[in-house]
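# Structural overview for review
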Amino acid sequence: MDVDHHESSGETKSAINTWRYRHHFTYKADQGKNIIVQCNLCLPRVNLLSTSKTSTSNLKKHLDRTHLGCEARPDAKRGRKKEEYNGEESRHCQLKKLKAEIISKCITQSKIDEFIFNFIVEDCHSFYVLEQPGFRKLIAGLTEGLKVMDRVTLFTKVDQSFSRMREELMSKLSSIQYVCTTADIWTANNRSFFGMTCHWIDTESLERKSAALGFVRLQGRITYDAIAGRIHDIHVTYNLESKVQTTVTDNGSPFVSVFREFAVDTTETDDDIGFYENVSAVLEGEPEQDMLLFLPSVQRCASHTLEQIVNEDFWQAVSQGPMCQLFYSAMAKVFAMWNKCHHLQVGLDAAEEIGKMALAVPAVIRWNVEYCAVQKIVSLSERELTELCARLEVPRLLAEELSFLKEYVTVFHPLAFALELFQAEQKCYLGLVIPTVLSLKNKLNEQKDAANYFSDVIKSIVVAIEVRFQELFTSTEAKIATATTPQFRLWWMAASEREEMCSLLATEASQMDPCSTTEANTSRSLSTIKSEDDFFSYGSAKTTVKIQQWGVTEEVRKYVEGTGKSLECLQDFPRVKQLFLKYNTTLPSTAPVQRLFSQKGNLVTSQRNSLTDDYFERIQLLRYNSSVCSLVAE
């Protein structure tokens with residue numbers, strides 16, 4: 001048996017070498033790294049095969065196992081001489097040609113140009129990459145001779161894609177009733193840029209959508225009137241003047257001055273809206289024109305307010321408290337560890353070897369980043385921490401200092417959790433702010449009695465929260481936004497105020513356009529926080545009443561008595577849903593516009609000094625808006 005098999009192997013190999021492989025497979029589809037082909041020898045049975053674009057092993061195995069000698073039977077004689085097959089191409093060369101033929105059908109020059117364009121824009125690579133010899137060889141080798149487009153072609157594609165993106169975005173925004181914008185200024189390498197993003201809620205899925213509107217270079221002195229002109233011009237460009245509910249900014253002095261001077265008074269009626277001179281035209285040296293400037297109301301960034309509480313009120317309370325020396329000595333040793341890990345590779349290696357994790361180093365001046373870094377350090381055991389300090393050659397943390405840091409991490413976990421909530425984007429609404437602030441105060445007060453070191457600091461922070469968020473708790477818009485969020489409804493209000501809020505909701509709901517609504521569907525120790533349910537303290541549940549077609553007042557009452565926390569339940573209350581869309585379109589923080597700056601350093605380099613400000617803006621907007629608009633022009 002073994003002999004027969006061995007003898008037949010030569011005949012089999014000889015038969016295989018006579019096949020013409022280019023006729024055996026037909027290209028069907030492209031699957032990224034793989035392609036789908038149809039075996040012609042398997043017909044009429046459909047047999048689709050998946051094979052890599054760079055390997056022929058799957059095709060070889062299929063031919064060996066399934067079609068051995070199907071097209072041409074070998075000669076009866078065994079041991080035929082190799083000279084009979086002179087002039088025939090080897091099996092490997094045949095399959096290589098077949099692969100190249102199939103790939104050429106699915107990868108065209110236009111496809112390669114699209115891939116390169118996406119590579120440059122999405123990752124903010126330098127345009128000079130196109131001229132690098134290594135990059136050109138890479139593309140030529142992967143595509144069987146296709147070429148890399150030059151920079152002139154790339155600039156043309158950027159222009160075409162930007163025009164198409166702006167048209168698509170304006171078309172989307174034209175059908176949106178309520179939008180919110182966020183604005184911020186970023187400065188690096190002696191260049192300042194003004195960024196603005198736009199946000200709205202999809203009326204069907206209730207998902208938040210976002211897009212970037214501007215990334216404009218600011219030249220000269222940055223004044224409040226220059227910022228006001230930029231905000232107004234961007235709103236006018238996208239026809240958003242009457243749709244913007246609020247513009248969210250940080251608490252910096254430029255934006256405070258801007259909206260103090262130019263924002264519309266929210267107490268005025270639509271007929272009394274104030275308009276002002278278009279100062280941007282004056283700043284650019286153009287003749288004064290009878291143009292109008294309009295800015296919406298402003299919403300202060302809640303996460304920036306919390307950051308101010310930590311950076312100002314917290315440090316002031318610590319410096320004046322009895323544990324001032326303990327705090328500074330403990331943090332000095334922690335910073336020594338961070339410096340060693342940041343500047344020396346041996347420090348990072350020691351942290352990974354001992355702690356089995358990468359030690360976080362707070363490179364960004366944000367309190368929550370520093371908090372997470374301290375949290376990682378105190379998560380180490382006492383033995384691991386002692387060994388790490390010895391390896392890094394830094395002073396060892398004393399027992400009292402370690403106990404102090406552990407209480408710091410536990411006590412201020414609610415504050416870090418609240419910052420994480422505010423800096424979200426998809427599931428963050430204005431209605432989240434009031435319950436978050438109230439829960440934060442409650443959590444901090446719960447920690448106060450059990451704290452050994454931070455009792456006085458907690459008192460100071462609670463007072464600071466009440467003072468800095470006082471304006472928010474008096475805002476009617478913020479109250480309506482919170483009441484129309486199913487996760488909270490009215491549990492956060494005092495019982496004596498709930499009836500008045502129901503009346504206010506009914507009044508607001510009665511003003512909603514009936515055409516935009518749809519029929520209701522008929523369907524004492526230190527604590528830890530693991531989820532939002534652990535953070536928020538919900539009120540007592542009430543029995544849900546069967547939903548029918550109600551009047552405005554009855555619909556509001558049925559909604560208030562409900563217990564569902566998902567936004568899906570708003571589909572049963574069409575008028576309340578419209579209120580939610582109107583008041584919760586506003587974001588509580590400027591985190592989205594800060595993400596617009598997240599890859600700015602990749603473009604502001606010496607290699608890109610020749611890139612004009614217009615193209616810099618276009619690249620940034622194309623990158624940010626790739627999820628809502630087409631990236632490449634047809």
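Residues numbered from 1 in each chain as written. Predicted model: local features only at pLDDT ≥ 70, side-chain atom pairs only at ≥ 80, totals over all residues. Heavy atoms only, no water.

### As for the nonpolar core
- Membership of the largest hydrophobic core comes to 91 residues, with the highest contact counts inside it found for F314, Y408, F412 and F454.
- Residue contributions to this core peak at eight residues, all from helix α11 (residues 324-343).
- Once residues within four sequence positions are removed from consideration, F314 is found in contact with I309, F327, Y408, F412, F454, V457 and I461.
- Judged by nonpolar contacts, the second largest core, of 60 residues, contains V148, L218, A228 and L622. (Core = buried A, V, L, I, M, F, W, Y, C linked by side-chain atoms within 4.5 Å. Buried < 20%, exposed > 50% of the residue type's maximum accessible area, 1.4 Å probe, protein only. Helix = DSSP H or I, 4+ residues; strand = E, 2+ residues; numbered from the N terminus. Contact = heavy atoms within 4.5 Å.)

### Description of the sheet that holds strand β4 (residues 179-188)
- Taken in spatial order, the five strands of this open sheet run β6-β5-β4-β7-β10, and their pairing is mixed. This sheet does not close on itself; its edge strands, each paired only once, are β6 (208-218) and β10 (297-300). Recorded for the sheet is a direction-independent mean angle of 25 degrees between the axes of neighbouring strands.
- For β4 and strand β5 (residues 191-201), the ladder comprises nine bridges, and the chain directions are antiparallel. Among the inter-strand pairings, T182 is bridged to a residue of β5, identified as T197. (Pairing = 2+ DSSP bridges. Axes fitted to C-alpha atoms, helices over the stretch in contact; angles between N-to-C directions.)

### Regarding unusual backbone geometry
- A positive phi angle, close to 60 degrees, is found at L206, a residue other than glycine.
- You can see L206 is positioned in the loop between β5 and β6.
- Accessibility expressed as a relative area gives 3% for L206, which makes it buried.
- Phi is positive for R489, close to 50 degrees, though the residue is something other than glycine.
- Relative to the helices and strands, R489 resides in the loop between α20 (476-483) and α21 (495-510).
- When its relative accessible area of 6% is taken as the criterion, R489 is described as buried.

### With respect to the packing of aromatic side chains
- The final tally for this structure, using the stated rule, is 27 aromatic pairs.
- With 6.0 Å between their ring centres and 45 degrees between their planes, Y408 and F454 make a pair best called tilted. A residue pair is termed long-range when its members are at least 10 positions apart, and Y408 in helix α15 (residues 399-411) and F454 in the loop between α17 (433-448) and α18 (455-468) qualify at 46 residues. The two residues Y408 and F454 agree in class, both being buried.
- Pairwise contacts between aromatic rings join F314, W315, F327, Y328, W367, Y371, F404, Y408, F412, Y453 and F454 into one cluster.
- Geometry around F616 places R191 over its ring, the cationic atom sitting 5.8 Å from the centre.
- When the ring centre of Y615 is taken as reference, the NZ or CZ atom of R618 above it lies at 5.5 Å. (Phe/Tyr/Trp six-rings, centres within 6.5 Å; stacked < 30°, edge-to-face > 60°. Lys NZ or Arg CZ within 6 Å of the ring centre and 35° of its normal.)

### A look at α15
- Here α15 is 13 residues long and its end C-alpha atoms lie 18 Å apart, about the 18 Å a rise of 1.5 Å per residue gives.
- Buried within α15 we find E401, L402, F404, L405, E407, Y408, V409 and V411. (Expected span 1.5 Å × (residues − 1).)

### Quick word on the pattern of salt bridges
- Under the defined criterion, the tally for this structure stands at 14 salt bridges.
- With its nearest N and O atoms 3.0 Å apart, the salt bridge here joins R151 to E131. Placement of the pair is R151 in helix α6 (residues 151-174) and E131 in the loop between α4 (109-122) and α5 (133-142), with a sequence separation of 20 residues.
- A residue is classified by how much of its surface remains accessible, and R151, at 24% relative accessible area, is partly exposed. (Salt bridge = Lys/Arg side-chain N within 4 Å of Asp/Glu carboxyl O.)

### Thoughts on the pairing of strand β2 (residues 34-39)
- For β2, a buried count of five out of six residues is recorded, marking the element as mostly surrounded by other parts of the structure.
- The pairing of strand β1 (residues 25-31) with β2 spans six bridges and is antiparallel. Opposite F25, over in β2, you have C39 as the bridge partner.
- Adjacent in sequence and paired antiparallel, β1 and β2 are bridged by two residues, among which G32 carries a positive phi angle near 80 degrees.
- Bridge count for β2 against strand β3 (residues 48-52) is five bridges, and the pairing is antiparallel. The residue of β3 that forms the bridge with Q38 is L48.

### Here's the deal with the sheet that holds β3
- Here we have three strands laid out as an open sheet, ordered β1-β2-β3, and antiparallel in their pairing. Whereas interior strands pair on both sides, the edge strands pair on one side only; in this sheet they are β1 and β3. Direction aside, the axes of adjacent strands within the sheet are offset by 30 degrees on average.
- On the sheet, helix α2 (residues 57-66) packs against β1, β2 and β3 and is oriented at approximately 140 degrees with respect to β3.

### A closer look at the pairing of β10
- Going residue by residue along β10, you find S297 and Q299 tucked away on one face and V298 and R300 left uncovered on the opposite face.
- In the sheet, strand β7 (residues 244-249) pairs with β10 via four bridges, with the strands oriented parallel. Bridging from a neighbouring strand, T249 pairs with R300 of β10.

### Let's talk about the side chain of K333
- Here K333 shows up in helix α11.
- Among the polar contacts listed, one links the side chain of K333 to the backbone oxygen of R396, at a separation of 3.0 Å.
- Leaving out residues up to four positions away in the same chain, K333 has contacts with P395, R396, L397, L398 and E401. (Polar contact = N/O pair within 3.5 Å; in protein donor to acceptor, adjacent residues only side chain to side chain.)

### Concerning the environment of Y559
- For Y559, the location among the structural elements is in helix α23 (residues 552-561).
- Of the residues examined, Y559 reaches a relative accessible area of 1% and is grouped as buried.
- Separated by 14 residues in the primary sequence, Y559 and F573 have C-alpha atoms spaced 6.9 Å apart.
- The residues contacting Y559, other than those within four sequence positions of it, are A483, T484, T485, P486, R489, L570, F573 and V576.

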